[in-house]
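# Residue-level structure breakdown
Here is what each chain is made of, one letter per residue.
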Amino acid sequence: MPNLKDLKNRIASVKSTRKITKAMQMVAAAKLRRAQDAAEASRPYTERFNAVMGGLAASVGGSESAPKLLSGTGSDQVQLLIVMTAERGLCGGFNGNIAKLAKTHAQKLIAEGKTVKIITVGKKGRDAIKRELGEYFVDHVDMSGVKRLGYVDAQNIAKDVLSRFDDNEFDVATIFFARFENVVTQHPTAQQIIPASFDVAEDADTALYDYEPSEEEILADLLPRGVATAIFSALLENAASEQGARMSAMDNATRNAGDMIDQLTIEFNRSRQAVITNELIEIISGAEAL
Amino acid sequence: MANLQFDLVSPERRLASVEATEVQIPGADGDMTAMAGHAPTITTLRPGILRVTHSGTTEEYVVLGGFAEISATSISVLAEQALHRDELTQEVYDQMIADAKELYKKHEEVFENEPGPVDDAAKLIADMVAIGSHIGLDPNQSNFG
């Protein structure tokens, strides 16, 4: 039986752990709000952008002169996977889920005989898949210095990806991130960004636009921006998901710590009572012996 | 006079959403002014100044890249980077010029035998300088190129 001193120490240590997880939960909640606001703010841009691109892609996409970013290189031999995760852990299954999705995807492609290249964004995902897929890593983007996610960060990643595409380093690019649904649910998602696919808008009035300069030129100008836009919105979703996952993970941890404290307190009280009873018995039996 | 709904959004935020009487856009092929009833048009933007006139006042924004979607009743400008004129301080502007010059240098090295991208970068600098001289910021022309 653990002695009273040990129990007391344990209770104190679990209590301070609970304080920490509670604080982390509250920090995550505040950050989540900010991340959600940022994601919200980017939505009008992304929506309009995709609508216009959808219209353009529908009218130009079929032709032979369509840019490679839209029509593809005609092959899908070399696949680039961009795995976006967090820089920090303690956020439940967030990093693990994205890494798992990317891993299954990569292994499927390898089994099909495709060449796989991986760019990791965020340290945690890199660590998670390094052991099995480390040989396929081509680059890593470190986001630990980024305090507030900006479009520039997405642009830098996009620039790197596009220059690799121009050098014919890959045929198809897919990004992996977690789509934010709510605090408890985040969906690990794979989205193909090159060749780009857009949901063609239902309303037919897109075809009525005048284009200045020509449709082809606008499309060629906008497609690279589309890559950055897709990456940016994925990064934002990811940021919100990370904080959401951390918040619920820390909430669980706080609750578990509370349960543990209750249990330990009961155990502590019991053993204290046992000690008292023991002493009483000794005193009484001592008195009787006289 | 009929108004048109004007929206200016960048990937990071929505800068403006007002009922405007006219909007002057720095289109890639030249400036154009859109008023209510304009033919539906999509145009790409060059770095420049966007003027919005609404309820008698004119506001200016600096936009870098992106495109504008004009219809008879609304105009949405999707700029990669957009700033209200007041936010464009000399400091921010210097940074932009520096970025443009760096791009030019890089393109000069990479595309030795292709004038296209180099010319584009040179045009970018020229556009940036034009913005600066318009709103009275010093583009440090002496360092040009």
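Residues numbered from 1 in each chain as written. Chains lettered and ligands numbered in written order. Predicted model: local features only at pLDDT ≥ 70, side-chain atom pairs only at ≥ 80, totals over all residues.

## Structural notes on the overall build of chain A
For clarity, the threshold we go by: Helix and strand definitions here come from DSSP, where helices need a minimum of 4 consecutive H or I residues and strands a minimum of 2 consecutive E residues; each element is numbered from the N-terminal end. Once C-beta atoms have been placed from the backbone, residue pairs whose C-beta atoms lie within 7 Å are recorded as contacts.
Summing up its helical and strand segments, chain A has six helices and six strands in all. Ordered by position from the N terminus, the helices and strands of chain A form the series α-α-β-α-β-α-β-α-β-β-β-α. C-alpha atoms of chain A, sized along the principal axes, occupy 110 × 40 × 30 Å. In chain A, the proportion of contacts linking residues at least 24 apart, taken out of those at least 6 apart, comes to 80%.

## Description of the domain arrangement of chain B
All names here are of chain B. Inclusion rule: Here the bounds of each domain stem from an automatic or database domain assignment. When residues are grouped by polarity, Ala, Val, Leu, Ile, Met, Phe, Trp, Tyr, Cys and Pro land in nonpolar, Asp, Glu, Lys and Arg in charged, and all others, Gly among them, in polar.
For chain B, the domain assignment lists domain 1 (4-86) and domain 2 (88-143). Here domain 1 and domain 2 have C-alpha centroids that lie 22 Å from each other. Listed by partner, the interface residues are seven residues for domain 1 and seven residues for domain 2. The residue inventory of the side of domain 1 that touches domain 2, partitioned by class, reads four nonpolar, one polar and two charged.

## A look at the packing of helix α5 (residues 151-166) of chain A against helix α6 (residues 215-289) of chain A
Residues and elements named next belong to chain A. Operational definition: Helix axes are fitted to C-alpha atoms over the stretch in contact, other axes to C-alpha atoms as well, and angles between N-to-C directions run from 0 to 180 degrees. Working rule for angles: under 35 degrees goes down as roughly parallel, over 145 as roughly antiparallel, 65 to 115 as roughly perpendicular, anything else as oblique. Crossing handedness: left-handed means the near helix sits turned counterclockwise from the far one by under a right angle, and right-handed means the same turn made clockwise.
For the pair α5 and α6, interaxial distance at closest approach is 8 Å and the crossing angle is 130°. Of the possible angle classes, the one that applies to α5 and α6 is oblique. Crossing of α5 against α6: the hand is right-handed. Packed against α5, whose contacting residues are Tyr151, Asp153, Ala154, Gln155, Ile157, Ala158, Val161 and Leu162, the element α6 presents Pro224, Val227, Ala228, Ile231, Phe232 and Leu235 at the interface. Here the contact of α5 with α6 is composed, by residue class, of 12 nonpolar, one polar and one charged.

## A word on the packing of helix α1 (residues 4-60) of chain A against α6(A)
All names here are of chain A. Packing of α1 against α6 leaves a shortest axis separation of 5 Å and a crossing angle of 160°. With respect to their mutual orientation, α1 and α6 come out roughly antiparallel. Here α1 and α6 pass one another in a crossing that is left-handed. In terms of residue class, the contact of α1 with α6 is made up of 31 nonpolar, 16 polar and 13 charged.

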